[in-house]
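Per-entry structural report
One-letter residues, chain by chain:
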Amino acid sequence: TSAHTLALSAVEFYCFTAWDLNADKRGMVTSTPNGDVFGHTSTIISSVAEIAPFIERVYGNRKVSKTKMNKGSSRSHVCIILTLYQVERASGDFRQSMFSIVDLAGSERPGKTGAERVDGLTAVLEAKKSLETGKELRVAAQGSLINMELTLLTTAFARATESWKKGRAFK
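Cut-offs used in this document
Residues numbered from 1 in each chain as written. Predicted model: local features only at pLDDT ≥ 70, side-chain atom pairs only at ≥ 80, totals over all residues. Heavy atoms only, no water. Core = buried A, V, L, I, M, F, W, Y, C linked by side-chain atoms within 4.5 Å. Buried < 20%, exposed > 50% of the residue type's maximum accessible area, 1.4 Å probe, protein only. Helix = DSSP H or I, 4+ residues; strand = E, 2+ residues; numbered from the N terminus. Contact = heavy atoms within 4.5 Å. Expected span 1.5 Å × (residues − 1). Arc of directions from axis to C-beta. Polar contact = N/O pair within 3.5 Å; in protein donor to acceptor, adjacent residues only side chain to side chain. Salt bridge = Lys/Arg side-chain N within 4 Å of Asp/Glu carboxyl O. 1 Å grid on protein atoms, 1.4 Å probe; cavity = no way out; pocket = protein on both sides within 12 Å on 5 of 7 lines; lining within 4 Å. Points joined across faces, edges and corners; volume = space filled by probe spheres on them. Nonpolar A, V, L, I, M, F, W, Y, C, P; charged D, E, K, R; others polar.

1. Quick word on the nonpolar core
As a rule of thumb, nonpolar side chains are buried together in soluble globular proteins. Listed in full, the 10 residues of the largest apolar core are Y14, C15, W19, V118, A123, A127, L137, A140, A141 and L145. When residues of this core are traced back to their parent elements, those giving at least two are α3 (120–133) and α4 (139–165). With three residues, α4 is the largest single contributor of residues to this core. With residues up to four places along the chain from it excluded, the contact list for A123 reads V118, A141, S144 and L145. Within the second largest apolar cluster, eight residues are counted, among which are L8, I45, F54 and V78.

2. Observations regarding the side chain of S130
Tracing the backbone shows S130 in helix α3. Apart from the residues within four sequence positions on either side, S130 is in contact with K135, E136 and L137.

3. A closer look at unusual backbone geometry
Unlike most non-glycine residues, C15 shows phi in positive territory, near 55°. Structurally, C15 is set in the loop between β1 (2–14) and β2 (17–20). Non-glycine residue F16 carries a positive phi angle of around 60°. Among the structural elements, F16 can be located in the loop between β1 and β2. By relative accessible area, which is 47% here, F16 ends up partly exposed.

4. Describing α3
Helix length check: α3, at 14 residues, gives a terminal C-alpha distance of 20 Å against a target of 20 Å (1.5 Å per residue), a fit within 8%. Every buried residue of α3 is accounted for by A123, A127 and S130. Take α3 and look down its axis: the buried residues cluster within an arc of 65°, on one side only. Turned more than 90 degrees off the buried face of α3, the exposed positions are L121, K129, E132 and T133. Elements in contact with the buried residues of α3: α4. Capping the start of α3, D119 holds a side-chain oxygen 3.2 Å from the backbone nitrogen of L121, two or three residues further along. G134, located one to two residues past α3, shows a positive phi value of around 80°.

5. Side note on the pattern of salt bridges
Proximity of charged atoms lets side chains of opposite charge pair with each other. Scanning the entire structure with this criterion turns up four salt bridges. With its nearest N and O atoms 2.4 Å apart, the salt bridge here joins E132 to K128. Here the residue E132 and the residue K128 both occupy positions in helix α3, the gap between them amounting to four residues, near one helical turn.

6. A short note on α4
Under the 1.5 Å per step criterion, the end-to-end length of α4 is 39 Å for 27 residues, consistent within 8% with the ideal 39 Å. What α4 keeps buried is the set A140, A141, Q142, G143, S144, L145, I146, E149, L150 and S163. Of the residues flanking the end of α4, it is G167, one or two places downstream, whose phi is positive at about 75°.

7. Quick look at the layout of surface pockets
Roughly 1100 Å³ of volume is contained in the largest pocket. Along its surface, the largest pocket is lined by 28 residues, and F13, T32, P33, G35 and L153 are the ones closest to its centre. Counting residues per element, the ones that place at least two in the lining of the largest pocket are β1, β2, β8 (77–88), β9 (94–103) and α4. It is α4 that contributes the most residues to the lining of the largest pocket, six residues altogether. Of the residues in the lining of the largest pocket, the class split is 17 nonpolar, eight polar and three charged. Estimates place the volume of the second largest pocket at around 150 Å³. In terms of lining, the second largest pocket is formed by Y14, W19, R26, K63, S130, L131, G134, K135, E136 and L137.

Next up, the structure:
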């Protein structure tokens, strides 16, 4: 027989920055170019009943803004990370398995959201200032950044698929 422990965590990717959504206070975490994330809070789940409060806390901490289309439009991408720890009691062998569920923000169409169109450089500069000052980022800049992030992700997925088809590791 074996012993199992399930831990859940949640990381938000907003304006090219990673945030811990599982903490009592939303805080920045470290993400590396190869996709590793450090400094996020994990919650041990002992029963199915503990999942709903986790999800409520995560989505309560998620970045949303009012747009013409939606009063609570998500402005970020969220990754729910499930980590299963297993120990085989007889041998003491340890295994760790991770599984991620990702919710990507939808692409932005300024005409439909009611925001004006903002170029990428302006959006990046506004995001930098927003992170430094804590001032809310305009919906238009958020939309531009969302579209840039989605483009980068799509490109990475295409490159990873091509690498896999050729039998190579994706880097």
